[in-house]
Amino acid sequence: MESILVLTHTALSSEIEAETGAALTRASLEAVTAGMELAAQLSASLTIGIVASDPTNLSKGLPSARLLAVSGEAFAQPRYATDAAALEALARAANATIVLAPASSRFARVAAGVAHRLGGFIDTHITAIGGAETVEATRWFYRQRVEAVLTRDARPWFLLLDPGTHAAYAGQAVPAQVEQIAVQPLAPRTTVSGLRAPAQGAQTIRPDAKLLFVAGAGWTKKQPDGQIHTKEAGELILDFLRLSGASLGSSKSLVDQGGEGEPVLPFLTHMNQIGQTGATPRHAKGLSTCCHGEEPHVVGWRFIASRRAISLDPNCGWTRGKADVVYVADAFAVMAKINALLQTAKT
Ligand SMILES: Cc1cc2nc3c(=O)[nH]c(=O)nc-3n(C[C@H](O)[C@H](O)[C@H](O)COP(=O)(O)OP(=O)(O)OC[C@H]3O[C@@H](n4cnc5c(N)ncnc54)[C@H](O)[C@@H]3O)c2cc1C
């Protein structure tokens, strides 16, 4: 009989998500959903492990399950030594055979080490978990081209779940007792002295946004008047992101231009790049602008459910069946109009 442990952690105070109203991260609550589904499928026991400075109120938003917590000031901040010790203690206390954890930066860096300490195994980038008799974990390989279903005999088996693959748990609050798990006293060498994050609004990559807005190289190319309008392009794009809350993606050509000494949009980096050699984000909708829609770019749109594009080129890749709707139009004009409409709707 499997014993399932879901590992969760709190958001840093700057990240607490208004959307769920919980102090556990959204990705943690997604892992809770995955754990509940798997426990029901396998008729297995479910334990939820919490790492937090103070877990008192966190249990209120969790389903009926055994709740374990490692708490205290030492566990308020991400740090390898304390996080690894906490997860190890939780896994041992739960006697876990299957451990589900969100692939947050906090847990992703310690989970492999913890699996090793326990003599177990880990798989990452898991997008789905199924199986009635045995656990079957799904992940993609080769830049999201090949989907594999994995089974393993090794236990404990750690599965790091990609965020955005499950609904965040938002069920009824069940009164529950949280068991405190003691961790061997540690003398960590790392002191967390503070948190430095980009100023509010400067962060353009927003994994939880409903819309992915992609900028292509056309934004910095000569326009029909024979001039380039990079400054105007930057303003239109940033205004749209501010008004819509969309996440910003880019084609490779556009982010590569900086190295070639061509005009660039200063807020774009390779972190924004979507595609074969970039990211494959998950958003409900995508809007591509001034981008040709070539295959190495579009492969990064694999998980974008509804796709639209604005391009001057009626023969671009998007029009050849890669987007649901293509507007053959000048993106400068279209985005200026959209921004004006959004601004009116806001005020
Ligand atoms: C091994 C390999 C890996 C690669 N990996 C990636 C990857 O991960 N991601 C990626 O993006 N690319 C990748 N590429 C590059 C990819 O093949 C394309 O070269 C790139 O995506 C083109 O970028 P683009 O469409 O922005 O630019 P362009 O091809 O220059 O297209 C610009 C488009 O903008 C349009 N345009 C111009 N002005 C306007 C306007 N005012 N309004 C509307 N439209 C306008 C033009 O009509 C044109 O269609 C890869 C290539 C290789 C060989």
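Thresholds, definitions, all that
- Residues numbered from 1 in each chain as written.
- Predicted model: local features only at pLDDT ≥ 70, side-chain atom pairs only at ≥ 80, totals over all residues.
- Heavy atoms only, no water.
- Helix = DSSP H or I, 4+ residues; strand = E, 2+ residues; numbered from the N terminus.
- Expected span 1.5 Å × (residues − 1).
- Buried < 20%, exposed > 50% of the residue type's maximum accessible area, 1.4 Å probe, protein only.
- Contact = heavy atoms within 4.5 Å.
- Near = heavy atom within 4 Å.
- Polar contact = N/O pair within 3.5 Å; in protein donor to acceptor, adjacent residues only side chain to side chain.
- Areas by Shrake-Rupley, 256 points an atom, 1.4 Å probe, with all protein chains shown as cover.
- Nonpolar A, V, L, I, M, F, W, Y, C, P; charged D, E, K, R; others polar.
- Salt bridge = Lys/Arg side-chain N within 4 Å of Asp/Glu carboxyl O.

Topic: helix 1 (residues 26–42)
Taking 1.5 Å per residue, 17 residues should reach 24 Å; helix 1 reaches 25 Å between its end C-alpha atoms and fits that length. Judged by how many residues are buried, helix 1 sits mostly within the fold: 12 of 17 residues are covered. Those residues of helix 1 that sit buried are Ala 27, Ser 28, Leu 29, Glu 30, Ala 31, Val 32, Thr 33, Ala 34, Gly 35, Leu 38, Ala 39 and Leu 42. At its buried positions, helix 1 is contacted by strand 1 (3–9), strand 2 (45–52), strand 4 (98–102), strand 5 (121–130) and strand 8 (157–161). Just beyond helix 1, the residue with positive phi is Ser 43, at close to 50°.

Some remarks on the site of the ligand
Neighbouring residues of the ligand: 28 residues in total, closest Ala 217, Gln 223, Ser 251, Thr 277 and His 292. A distance of 3.1 Å separates an oxygen atom of the ligand from a polar atom in the side chain of Lys 221. Between the ligand and Gln 273, the relevant distance is 2.9 Å, taken from an oxygen atom to a side-chain nitrogen or oxygen of the residue. Isolated, the ligand exposes 990 Å² of accessible area, and the fraction of that covered by the protein chains is 77%. Grouping the amino acids of the shell around the ligand by side-chain chemistry returns 10 nonpolar, 13 polar and 5 charged.

Thoughts on the pattern of salt bridges
Side-chain pairs of opposite charge can arise whenever the charged atoms involved come near each other. Throughout the structure, instances matching the rule amount to 11 salt bridges. A salt bridge links Arg 106 to Asp 83; the nearest nitrogen and oxygen atoms lie 2.9 Å apart. Taken together, the residues Arg 106 in helix 3 (residues 105–117) and Asp 83 in helix 2 (residues 80–94) connect sequence positions 23 residues apart. On the basis of relative accessible area, Asp 83 is assigned to the buried category, the value being 1%. Between Asp 256 and Lys 252 there is a salt bridge, with its nearest N and O atoms 2.7 Å apart. Of this pair, Asp 256 and Lys 252 both sit in helix 5 (residues 252–256), 4 residues apart, which is roughly one turn of the helix. A residue is classified by how much of its surface remains accessible, and Asp 256, at 27% relative accessible area, is partly exposed. By relative accessible area, Lys 252 is classed as partly exposed at 39%. Linked by salt bridges that have partners in common, Glu 88, Arg 92 and Arg 117 make up one network.

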